[in-house]
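Secondary and tertiary structure notes
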Amino acid sequence: MIRDLSQVEAPGLEVRTPLCIIGAGTAGIFLACQLRALGVDVLLLETGDRFARSANEMAQTCAQRGIRYRGAEQGRSFGLGGTSVLWGGQMIPLTAADMQARPAVGIDAWPIDHAELTNHLAHVKQRLGLRAGDDAGESALSARRYPGLSAFDPDFALRLSEWLPFGMRNFAQAFADPLRQDSGLVVWLNAGVVRLQCDAAEMGRILAVEARSANGRMLNVRPDLVVICAGALESTRLLLAFDESTSGRLTANGAPLGRYFADHLSVTCGRFACRDWTRYNHAVAPVFSGGVMRTPRLEIAPAAQDRLALTSAFVHFTFVTHGDTGFDVIRSFLRQRQGERQRLGLSPRRLGRVVQDVGAMAYWRVVHRQLWIPRPADLLLQVDIEQVPNWNSRLSLADDLDRLGRKRLVIDWQITPEDIRVIRTVAQRTVQAWDGSRLRNLARLEMTMPLRFDDFETQYDVYHPTGSLRMGSQPANSVTDANLRVWGLENCYVSSTAVFPSAGSANPGLMHLALTARLAEHLASRIR
Ligand SMILES: Cc1cc2nc3c(=O)[nH]c(=O)nc-3n(C[C@H](O)[C@H](O)[C@H](O)COP(=O)(O)OP(=O)(O)OC[C@H]3O[C@@H](n4cnc5c(N)ncnc54)[C@H](O)[C@@H]3O)c2cc1C
């Protein structure tokens, strides 16, 4: 059931609920639906409206120090569905090695067993329209569809990611029925949480969650349990503000609230000069299996990580068209359907070309069950790495206020020489391995390595913010515990990629949703 705080007549409302979720984005909607399936009534507060808006449109700009973090402006969406309106929905689990301690690069272990988390994957995938699959089946598929990459080099391990079908990517659409019809799930739109209140005598509990609309309506929620699902930046901001208002309740023991802010770094490190376009397409392009698109990636194997003192990293094969192919038109159309505001860019002059490309794509899809790479396109080698943990890379609060009266966020994102060394080493190893493999007959790989990160031709954060609310087994070196509960607050939890103590080699979505499914079970057992 969806309500709109800005449309309420009374200036102030007060409601009680067993469970309040802050943020109706990817995690908030998924968590609410999981909890409803377990019989728990939920109240969901969303700062945005029915249709998603950008950070700039919501006047949620951050002050930036250090390296500019593009994700603050371009990697967030506010409104029902949150960032699921923008994302690619590429799904792959972290490996067991990703979650272990890696002292050579200063990475702590996750406080949760890998197997305990992967137990939830089959259920999450089934909810999202993907097949559960198993390791043996995955290996057989990789070997069959990518014989060249399977035999690439012992320092690299081949894994395939899966992409959610476009119809399942925007969670406001994928879970539209429960959001609209379930009376046990009340969603308040235009209800931006401005304050978490705790009684002076009961400092270990959140007593009320205060939400406001831009036109001045107020909602005071009195919850038994609270889960913050406001995205990595906003979840951290809410807890920084809470910490400040309680004279350092969360940080008095030195907890790293806002610290270790990190993202995957993604850099174009090589260019392929194709000798045989068709065979190159067969060797590296995404395949379709069971109706789902899968993309190959070569991950640095754990033994090579140890030997070369590397963080987790992988390389993948991308292509960049110049915006005028049938591929671009189809992609824009599908993204528009996902809810993203895209221009189709179909000019009558290009119609013949577009029809030809669409025919080629359909042929490859049906006959080869593979994505066709349009010509011309730049064929690129992309290196993605996990950042080395850095205490000084941090989020904090500014003194100026936004339109809801909350302190603005300051982002001081840092990239260290160690990060650059990891990128460079991975790129060099890949070029060596490519030259020593059979794949060199399909294309020549030329390394394009600039000297400084700022000079990299295509460098970016990939909107996978982690670390600022890291989980751990001790309150002195983490912000949340293994159950995602905020240390020092008996009834407050977080579901966000900000709790990841390390980013590993995977896009965060699948593991984040597995954590969220696990959290739903924990919360339901507390409420019963
Ligand atoms: C372009 C792009 C592509 C991506 N591709 C992938 C991919 O392929 N695979 C992958 O795994 N990940 C991908 N990601 C990352 C992924 O989208 C995020 O990790 C994920 O969506 C985060 O979910 P969330 O619920 O934590 O945050 P969000 O989905 O952003 O939800 C947060 C919600 O909280 C609301 N909110 C914020 N503050 C408040 C407040 N104070 N009060 C009330 N509500 C509030 C927001 O409006 C929003 O609706 C991509 C991201 C981007 C931008």
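The model shown is predicted, which means the values in this text are computed figures rather than measured ones.

Thresholds applied
Residues numbered from 1 in each chain as written. Predicted model: local features only at pLDDT ≥ 70, side-chain atom pairs only at ≥ 80, totals over all residues. Heavy atoms only, no water. Helix = DSSP H or I, 4+ residues; strand = E, 2+ residues; numbered from the N terminus. Rg over C-alpha atoms; globule rule 2.2 N^0.38 Å. Buried < 20%, exposed > 50% of the residue type's maximum accessible area, 1.4 Å probe, protein only. Contact = heavy atoms within 4.5 Å. Lys, Arg positive; Asp, Glu negative; His and termini not counted. Charge placed at Lys NZ, Arg CZ, Asp CG, Glu CD. Phe/Tyr/Trp six-rings, centres within 6.5 Å; stacked < 30°, edge-to-face > 60°. Lys NZ or Arg CZ within 6 Å of the ring centre and 35° of its normal. Axes fitted to C-alpha atoms, helices over the stretch in contact; angles between N-to-C directions. Parallel < 35°, antiparallel > 145°, perpendicular 65-115°, else oblique. Nonpolar A, V, L, I, M, F, W, Y, C, P; charged D, E, K, R; others polar. Left-handed = near helix turned anticlockwise from the far one by under 90°. 1 Å grid on protein atoms, 1.4 Å probe; cavity = no way out; pocket = protein on both sides within 12 Å on 5 of 7 lines; lining within 4 Å. Points joined across faces, edges and corners; volume = space filled by probe spheres on them. Near = heavy atom within 4 Å. Polar contact = N/O pair within 3.5 Å; in protein donor to acceptor, adjacent residues only side chain to side chain. Areas by Shrake-Rupley, 256 points an atom, 1.4 Å probe, with all protein chains shown as cover. Patch = residues over 30% accessible without salt bridge, like charges linked within 9 Å, V, L, I, M, F, W, Y side chains within 5 Å. Salt bridge = Lys/Arg side-chain N within 4 Å of Asp/Glu carboxyl O. Pairing = 2+ DSSP bridges.

Along its length, the protein carries 16 helices and 22 strands. Against the globule reference of 24 Å for 528 residues, the protein gives a C-alpha radius of gyration of 23 Å, in line with a compact fold. In terms of principal-axis extent, the alpha carbons of the protein reach across some 70 × 55 × 45 Å. The 528 residues of the protein split such that 56% are buried. Long-range contacts, defined here as pairs at least 24 residues apart, represent 75% of the contacts in the protein between residues at least 6 apart. Averaging the coordinates of the 60 positive side-chain charges in the protein and doing the same for the 53 negative ones gives two points 5 Å apart.

Moving on to unusual backbone geometry. A cis geometry characterises the amide bond from Arg-375 onward to Pro-376, with omega recorded as 0°. Among the secondary structure elements, Pro-376 is positioned in the loop between helix 14 (351-368) and strand 17 (378-385). Within the chain, Ala-309 stands out as a residue other than glycine whose phi angle is a positive 50°. Tracing the chain through its elements places Ala-309 in the loop between helix 12 (302-308) and strand 16 (313-320).

Turning our attention to the packing of aromatic side chains. For the structure shown, the criterion picks out 15 aromatic pairs. Every member of this aromatic cluster is reached through a ring pair, and the members are Phe-152, Phe-156, Phe-272, Tyr-280, Phe-317 and Trp-434. Stacked on the ring of Phe-288, the Lys or Arg Arg-365 has its end atom at 3.9 Å from the ring centre.

Attention now goes to the packing of helix 13 (residues 326-338) against helix 14. Packing of helix 13 against helix 14 brings their axes to within 7 Å, and their N-to-C directions diverge by 80°. When the interaxial angle is binned, helix 13 and helix 14 end up roughly perpendicular. Facing helix 13, whose interface residues are Gly-326, Phe-327, Val-329 and Ile-330, helix 14 presents Val-354, Asp-357, Val-358 and Met-361. Across the contact of helix 13 with helix 14, the residue classes break down as six nonpolar, one polar and one charged.

The next thing to look at is the packing of helix 1 (residues 26-37) against helix 16 (residues 509-527). Packing of helix 1 against helix 16 leaves a shortest axis separation of 9 Å and a crossing angle of 40°. When the interaxial angle is binned, helix 1 and helix 16 end up oblique. Where helix 1 crosses over helix 16, the two elements pack in a sense that is right-handed. Residues Thr-26, Ala-27, Phe-30, Leu-31, Gln-34 and Leu-35 of helix 1 lie in contact with helix 16, whose contacting residues are His-512, Leu-513, Thr-516, Ala-517, Leu-519, Ala-520, Leu-523 and Ala-524. Residues belonging to the contact of helix 1 with helix 16 are distributed by class as follows: 10 nonpolar, four polar and no charged.

Time to look at the layout of surface pockets. In this structure, the second largest pocket occupies an estimated 560 Å³ of space. If you go around the second largest pocket, you meet 23 residues; those closest to its centre are Pro-93, Asp-134, Asp-135, Glu-138 and Arg-159. Class assignment of the residues belonging to the lining of the second largest pocket gives a composition of 11 nonpolar, six polar and six charged.

Surrounding the ligand, one finds 35 residues, the nearest of these being Thr-26, Glu-46, Thr-83, Gln-90 and Gly-509. The separation between an oxygen atom of the ligand and a polar side-chain atom of Thr-83 is 2.5 Å. For the ligand, the accessible surface in isolation is 1,000 Å², of which the surrounding protein chains cover 92%. Mapped by element, the contributors of at least two residues to the shell around the ligand are helix 1, strand 6 (77-78), strand 10 (192-197) and helix 16.

Judged by side-chain polarity, Tyr-363, Val-366 and Val-367 come together as a nonpolar surface patch covering roughly 320 Å² of accessible area. With respect to the helices and strands, Val-367 occurs in helix 14. Val-367 gets classed as partly exposed once you look at its relative accessible area, which sits at 46%.

Turning next to empty space enclosed by the protein. Within this structure, the stated rule accounts for two cavities of 30 Å³ or more. Considered as a void within the structure, the largest cavity measures approximately 100 Å³ in volume. Along its surface, the largest cavity is lined by 13 residues, and Ala-262, Gln-387, Pro-501, Ser-502 and Ala-503 are the ones closest to its centre. For the lining of the largest cavity, a count of residues per class yields eight nonpolar, four polar and one charged. Taken as a whole, the second largest cavity holds about 40 Å³ of empty space. In terms of lining, the second largest cavity is formed by Tyr-260, Phe-261, Ala-262, Gln-387, Val-388, Pro-389, Asn-390 and Ser-393. Its residues assigned to classes, the lining of the second largest cavity shows five nonpolar, three polar and no charged.

What follows concerns the sheet that holds strand 18 (residues 394-401). Across a sheet, paired strands are connected by hydrogen bonds in the backbone, their directions being either parallel or antiparallel. A sheet is described by the order of its strands in space; here three strands give the open sequence 5-19-18, paired in mixed fashion. Edge strands, defined here as strands with exactly one partner in the open sheet, are strand 5 (63-66) and strand 18. Adjacent strand axes in the sheet meet at a mean angle of 30° when their direction is disregarded. Where strand 5 lies against strand 19 (residues 407-413), four bridges are found, and the strand directions are parallel. Opposite Gly-66, over in strand 19, you have Trp-413 as the bridge partner. In the packing of helix 10 (residues 232-245) onto the sheet, the strands contacted are strand 18 and strand 19, and the crossing angle to strand 18 comes to about 70°.

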